[in-house]
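So you can see what is in the structure, the chains are spelled out below.
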Amino acid sequence: MGKMQEILHAPHEQIEEIQLEGIKKTVIACYENVPFYKKSFDDAGFDPYAVKSLDDLQNAPFVTKQDLRDNYPYGMFATPLSEVKEIHMSSGTTGVATVGGYTQHDLDIWGECFARGIEYANGGADDVVHVCYGYGLFTGGLGAHYGGLYSGATTIPMSAGNTERQIRVLKEMGSTIICCTPSYAMHIADTALEMGIDPARDFHLRAGIHGAEPFSDNFRRDLERKLNYHVLDVYGLTETMGPGVAIECWEQNGLHLAEDHFYAEIIDPNTGEVLPDGEWGELVLTTIDREASPVVRYRTRDITRILPGECACGCTHRRIDRIHGRTDDMLIIRGVNVFPSQIEDVMKTFDQVSSWYQIEVDTDHRSLDMVTLKAEVNPDFAFDSVAAVERLQKEISARLKTALSVGVKVKLVEPKTIARSEGKAKRIVDLRKGIK
Ligand code: ADP
Ligand code: ZN
């Protein structure tokens, strides 16, 4: 059995030993090398030298995105800059970007973690891995690239953009695995169809490793049908590494955490209390062997749950459910919590609408959230028939009401009116005053 297979199938007790040993070192390294952690541990009365079990970690304080921002640019580094080989920054989707540093060891681990996705797709030296996440400061491009190299595949560093060229390369160079955001994969598929190329027939894809943004099950099915391949969801964030923190296996029933590198907890975002497996809450991550930018109990603001039970694939690393969305993106409509991905899931049950949509949030005269779903119809829909448009708007709205128990106004728009994205799609437009 190869080294990767061995760690993916290790008994869970063995993984927990690796976690405990790593966490002990990590908390001490943070305490001794990062003034922020020294102060925050001292303030919370947390003794990093007294960690004897994984549960002891619950005594450590959380670290937030704001803490990382406050220590921009190098304040959170636990190694001297001379040991840092590479720098990345988050996309800044929700404000000022955060910085991550990587030693050579950190880069090696990153490649290994992303390569697990290629392994789950039964890939290796015979694969051609087409990377069209953006290269640069964004972690998507180089993270997938290092994964491709680690797995021994032929890696094509396309980066995002120039979609027609992506399509030519996918067709002519026989790419078998594509890595990009799910929305960009959809854009590539739609553009190919417009060019008279049928990606289901003319591409050679077996798997897509898609992540960096939430996407619904129905969106996934749509992609799989158009591109005739298998979609694996990959999760990650700059603050802990980049893509590869957790990846779906071929079973598509949750994302296996790379538990020998990341320790996961789920907390109640309001109280900070640790929740049992199976309950939805905010994911909190601690790095186990990250050198340059370790984090202890980082609040990701991403909503998921730990899936109980074992996976049929035999991998022993625990799984998280597909990310519902960020706490920042959660809409509270008339007191009901709603994530954009839930709206998307309902919308995608209608054949007449495409995958392109935007959710506009505004407040009415009573300061209550008002949500409008703007969705593009498919090109074959008779958009000039006012009656047909109104009927469909009403139907979608009614189905949203049944599924989510909230009122969402639906406004259908013509094909290609919503901006396409080569990276993360902009799904929410917030027009509420005082909220960016
Ligand atoms: P930013 O927070 O500025 O977008 P990153 O580029 O580091 O910074 O993106 C990380 C974030 O992207 C995660 O915290 C999460 O909200 C989102 N994300 C990453 N992968 C997924 C995924 N597979 N499903 C849903 N959301 C994801
Ligand atoms: Zn599995």
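Residues numbered from 1 in each chain as written. Chains lettered and ligands numbered in written order. Predicted model: local features only at pLDDT ≥ 70, side-chain atom pairs only at ≥ 80, totals over all residues. Heavy atoms only, no water.

By the naming in an unreviewed UniProt entry, the chain goes by Phenylacetate-coenzyme A ligase and is assigned to Thermophilibacter gallinarum. What UniProt records for the chain under Function (unreviewed entry) is the sentence "Catalyzes the activation of phenylacetic acid (PA) to phenylacetyl-CoA (PA-CoA)." The record held by UniProt for the chain lists under Pathway (unreviewed entry) the comment "Aromatic compound metabolism; phenylacetate degradation." (UniProt positions renumbered as here; feature names shortened; annotations may be inferred.)

Visitor: Report on the packing of helix H2 (residues 12-33) against helix H3 (residues 35-44), specifying residues and quantitative values.
Guide: One way to put it is that H2 packs onto H3 with a least axis distance of 5 Å and a crossing angle of 105°. In terms of orientation, H2 and H3 fall into the roughly perpendicular class. For the pair H2 and H3, contact is made by Val27, Cys30, Tyr31 and Asn33 and by Pro35, Tyr37, Lys38, Phe41 and Asp42, respectively. When grouped by side-chain class, the residues that make up the contact of H2 with H3 number 6 nonpolar, 1 polar and 2 charged. (Axes fitted to C-alpha atoms, helices over the stretch in contact; angles between N-to-C directions. Helix = DSSP H or I, 4+ residues; strand = E, 2+ residues; numbered from the N terminus. Parallel < 35°, antiparallel > 145°, perpendicular 65-115°, else oblique. Contact = heavy atoms within 4.5 Å. Nonpolar A, V, L, I, M, F, W, Y, C, P; charged D, E, K, R; others polar.)

Visitor: Tell me what's going on with the site of ligand 1, and back it up with residues and numbers.
Guide: Close contacts around ligand 1 come from 20 residues, with Ser91, Thr93, Asp233, Thr238 and Asp302 the closest. In the model, an oxygen atom of ligand 1 is placed 2.6 Å from a nitrogen or oxygen of the Ser91 side chain. Residue Ala212 places a main-chain N or O atom 3.1 Å away from a nitrogen atom belonging to ligand 1. Considered on its own, ligand 1 offers 560 Å² of accessible surface; in the complex 97% of this is hidden by protein. In the shell around ligand 1, the residues fall into 7 nonpolar, 7 polar and 6 charged. (Near = heavy atom within 4 Å. Polar contact = N/O pair within 3.5 Å; in protein donor to acceptor, adjacent residues only side chain to side chain. Areas by Shrake-Rupley, 256 points an atom, 1.4 Å probe, with all protein chains shown as cover.)

Visitor: Give me the lowdown on the UniProt feature "domain: AMP-dependent synthetase/ligase" (unreviewed entry) in the chain, citing residues and values where you can.
Guide: According to UniProt, the feature "domain: AMP-dependent synthetase/ligase" (unreviewed entry) maps to residues 90-285 in the numbering used here. Along residues 90-285, the helical share is 35% and the strand share 26%, with 16 Å between the first and last C-alpha atoms.

Visitor: An account of the coordination of the zinc ion (ligand 2) is needed here, citing residue identities and associated values.
Guide: Reference values for coordination geometry: four tetrahedral donors around a metal ideally subtend 109.5 degrees, six octahedral donors ideally subtend 90 or 180 degrees. Taken together, Cys249 (SG), His256 (NE2), Cys311 (SG) and Cys313 (SG) make up the full set of protein donors to the zinc ion (ligand 2), lying 2.1 to 2.3 Å away. Considering all 4 donor atoms around the zinc ion (ligand 2), angles at the metal cover 101 to 113° and the coordination shape is tetrahedral. Of the residues examined, His256 reaches a relative accessible area of 2% and is grouped as buried. (Donors = N, O, S within 2.8 Å, 3.2 Å for Na, K, Ca; no water. Tetrahedral: all angles 85-135°; square planar, octahedral: opposite > 155°, others 65-115°. Buried < 20%, exposed > 50% of the residue type's maximum accessible area, 1.4 Å probe, protein only.)

Visitor: How would you explain the pairing of strand E7 (residues 230-237) if you had to name every residue and give the values?
Guide: A large share of E7 lies buried, amounting to 7 of its 8 residues. Alignment of strand E6 (residues 207-211) against E7, held across 5 bridges, turns out to be parallel. Following the sheet pairing, Ile209 is matched in E7 by Leu232. Across 4 bridges, E7 lies against strand E8 (residues 242-248) in antiparallel orientation. (Pairing = 2+ DSSP bridges.)

Visitor: Any details on the sheet that holds strand E3 (residues 128-131)? Residues and values, ideally.
Guide: An order of E4-E3-E5-E6-E7-E8-E9-E14-E13 is seen for the 9 strands of this open sheet, with the pairing classed as mixed. Among the strands making up the open sheet, the edge pair consists of strand E4 (154-157) and strand E13 (306-307). Contacting E3, strand E5 (177-180), E6, E7, E8 and strand E9 (255-257), helix H5 (residues 104-120) crosses the sheet at an angle of about 30° to E8. Seen against the sheet, helix H10 (residues 217-227) touches E6, E7 and E8 and runs at an angle of roughly 130° to E7.

Visitor: I'd like a description of the nonpolar core, backed by residues and values.
Guide: Formed by 47 residues in total, the largest nonpolar core has its most connected members in Tyr37, Tyr235 and Ile320. By residue number, the principal contributor to this core is H2, which donates 5 residues. By size, the runner-up hydrophobic cluster in this structure holds 27 residues, among which are Ile333, Met347, Val361 and Leu404. (Core = buried A, V, L, I, M, F, W, Y, C linked by side-chain atoms within 4.5 Å.)

Visitor: Before we move on, could you go through the sheet that holds strand E20 (residues 409-413) and cite the residues and values that matter?
Guide: An order of E20-E19-E18-E21 is seen for the 4 strands of this open sheet, with the pairing classed as mixed. Two strands in the sheet have a free side with no partner beyond their single neighbour: E20 and strand E21 (428-430). The average angle at which neighbouring strand axes cross in this sheet is 20°, direction not considered. Direction of pairing for strand E19 (residues 369-377) relative to E20: parallel, over a ladder of 5 bridges. Counted as the bridge partner of Lys374 is Lys411 from E20. Each of strand E18 (353-363), E19 and E21 is contacted by helix H11 (residues 340-347), which is oriented at about 140° to E18, the strand it contacts most.

Visitor: Please give an account of H11 that cites residues and values.
Guide: Burial analysis of H11 places 6 of its 8 residues in the buried class, the great majority of the element. All of the buried residues in H11 are Pro340, Ser341, Ile343, Glu344, Val346 and Met347.

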